[in-house]
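Observations on the three-dimensional arrangement
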Amino acid sequence: MEILRVENIKKWFPVRTGILSSILFGEKQFIKAVDGVSFTIDEGEVFCLVGESGCGKTTLARLIARLIEPTDGRIYYKGRDIVQMKKKEFRPLRREIQIIFQNPYEALDPRMRIYDILMEPIKLHKKHFEGDPDERIRTVMRDVKLNPDEYLWKFPHELSGGERQRVSIARSLMLYPKLLLADEPASMLDASVRSSILNLLTDLREEYNLTLLYITHDLAQAWYLCERIAVMYLGVIVELGKTDDVINSPLHPYTKALISNIPIPDPRRKTEAIEIKGEVPSPINVPPGCRFHPRCPYFMEGKCDKETPKYLDVGDGHIVACHLYE
């Protein structure tokens, strides 16, 4: 059963310019952070957004959580268009759609003890919360593998990065969410801690019957955790499909390059990494046609730089946007 549908969602941020620039260049400029993204997520699924920093992954998560408003497009949660909802109408759904932020060092209020941080969601939604708040806090702390007696009266600065991220995860679980948006929750942690956070999310997903949208730039994490992968590049999705299909049979040149750079823990197995030349173009001046064409080794002049590639389903929901397959 489908829980989330994103249809042609866009988020353009206006670029602030001076009076002289406005006179000289006339038209207003925009950063096209997300520029026409569509996908669906089924209930109970782990869906992953993968891409380089700046491709629009975090912006997309914030749009789904209604932390920012879209420029255009629709977002349907359980069949209801949340974009058209007023803030008061959307407020009850905030309990069901929760987000874990990337930086655990900035996500927690340094002036509040862990107990007060976890109590905050209950205070905001006290009319709809049932049960004993203290017992709920202790239960969630145990669920994220932290001893409540040891941690509840500490301040965030007394915790390690991994412990802070566990507290952030606990906070997101306080109101029994249905959809959890995890924005690179392990990227700022030591390598030794990352696997424990990934395993924790896997356990919590089963225990809480969660649907998980996991955002990362690390394809290895996506391979380990997710059932389907969407690869983003410069504000659009270039490939989408089941994890095994995308990893083992990548179609888009950008996806091929990303996968070729995944380290393999076998010194006897030789792999040739595909180098992506050049830099990611500015989201203000997006290249015409295929957005990847300035860096693509299969560039076809007159086509890739002129025509926007159409999404093609090559079978079993494996979708790619590339002129090579048209």
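A short tour of the structure in this document, coming up. All values derive from a computational prediction rather than experimental measurement.

Bringing the pattern of salt bridges into the picture now. Any two side chains of opposite charge can pair, given that their charged atoms come close. Evaluation of the coordinates by the stated rule reveals 16 salt bridges. A salt bridge links Asp109 to Arg111, with the nearest nitrogen and oxygen atoms 3.2 Å apart. Residue Asp109 is classed as partly exposed on the basis of its relative accessible area, which comes to 22%. For Asp316, the salt bridge is made with Lys242, and the minimal N-O distance between the two is 3.0 Å. With Asp316 in the loop between β11 (311–313) and β12 (319–321) and Lys242 in strand β10 (residues 236–242), this residue pair connects regions lying 74 residues apart in the sequence. According to the relative accessible area criterion, Asp316 is exposed, its value standing at 54%. A relative accessible area of 40% places Lys242 in the partly exposed class. Among the charged side chains, a network of salt bridges with common partners joins Lys303, Glu307 and Glu326.

A separate point is the sheet that holds strand β5 (residues 80–81). Strand order in the open sheet made by the four strands is β2-β1-β4-β5, with antiparallel pairing throughout. Every other strand in the sheet has two partners, leaving β2 (30–42) and β5 as the edge strands with one partner each.

Here we come to helix α7 (residues 161–173). Here α7 is 13 residues long and its end C-alpha atoms lie 19 Å apart, about the 18 Å a rise of 1.5 Å per residue gives. Burial of α7 is extensive: 11 of the 13 residues sit out of reach of the surface. Inspection of α7 places Gly161, Gly162, Arg164, Gln165, Arg166, Val167, Ser168, Ile169, Ala170, Ser172 and Leu173 among the buried residues, and these make up the whole buried set. Contacts from the buried residues of α7 go to β6 (97–100), α4 (114–124), α5 (133–143), β7 (179–183) and α8 (191–208).

Okay, the environment of Thr308 next. Tracing the backbone through its elements, the reader meets Thr308 in the loop between α11 (253–260) and β11. Owing to a relative accessible area of 60%, Thr308 belongs among the exposed residues under this scheme.

Before going further, it helps to spend a moment on unusual backbone geometry. Of note, the phi angle at Arg66 is positive, near 60 degrees, even though the residue is not glycine. Structurally, Arg66 is set in the loop between α2 (57–64) and β4 (72–77). For Arg66, a relative accessible area of 7% gives the class buried. Of note, Asp316 is a non-glycine position whose phi angle comes to about 60 degrees, a positive value.

The buried count for strand β9 (residues 228–233) comes to six of six residues, which makes it a mostly enclosed element. Both faces of β9 are covered, namely the face carrying Arg228, Ala230 and Met232 and the face carrying Ile229, Val231 and Tyr233. One ladder, built from four bridges, connects strand β3 (residues 46–50) with β9; its direction is parallel. Residue pairing for β9: Leu49 is matched across the bridge by Ala230. Between β9 and β10, which pair antiparallel and follow one another directly, the connecting turn spans two residues, one of which, Leu234, has a positive phi of 50 degrees.

Quick notes on the rules
- Residues numbered from 1 in each chain as written.
- Predicted model: local features only at pLDDT ≥ 70, side-chain atom pairs only at ≥ 80, totals over all residues.
- Heavy atoms only, no water.
- Salt bridge = Lys/Arg side-chain N within 4 Å of Asp/Glu carboxyl O.
- Buried < 20%, exposed > 50% of the residue type's maximum accessible area, 1.4 Å probe, protein only.
- Helix = DSSP H or I, 4+ residues; strand = E, 2+ residues; numbered from the N terminus.
- Pairing = 2+ DSSP bridges.
- Expected span 1.5 Å × (residues − 1).
- Contact = heavy atoms within 4.5 Å.

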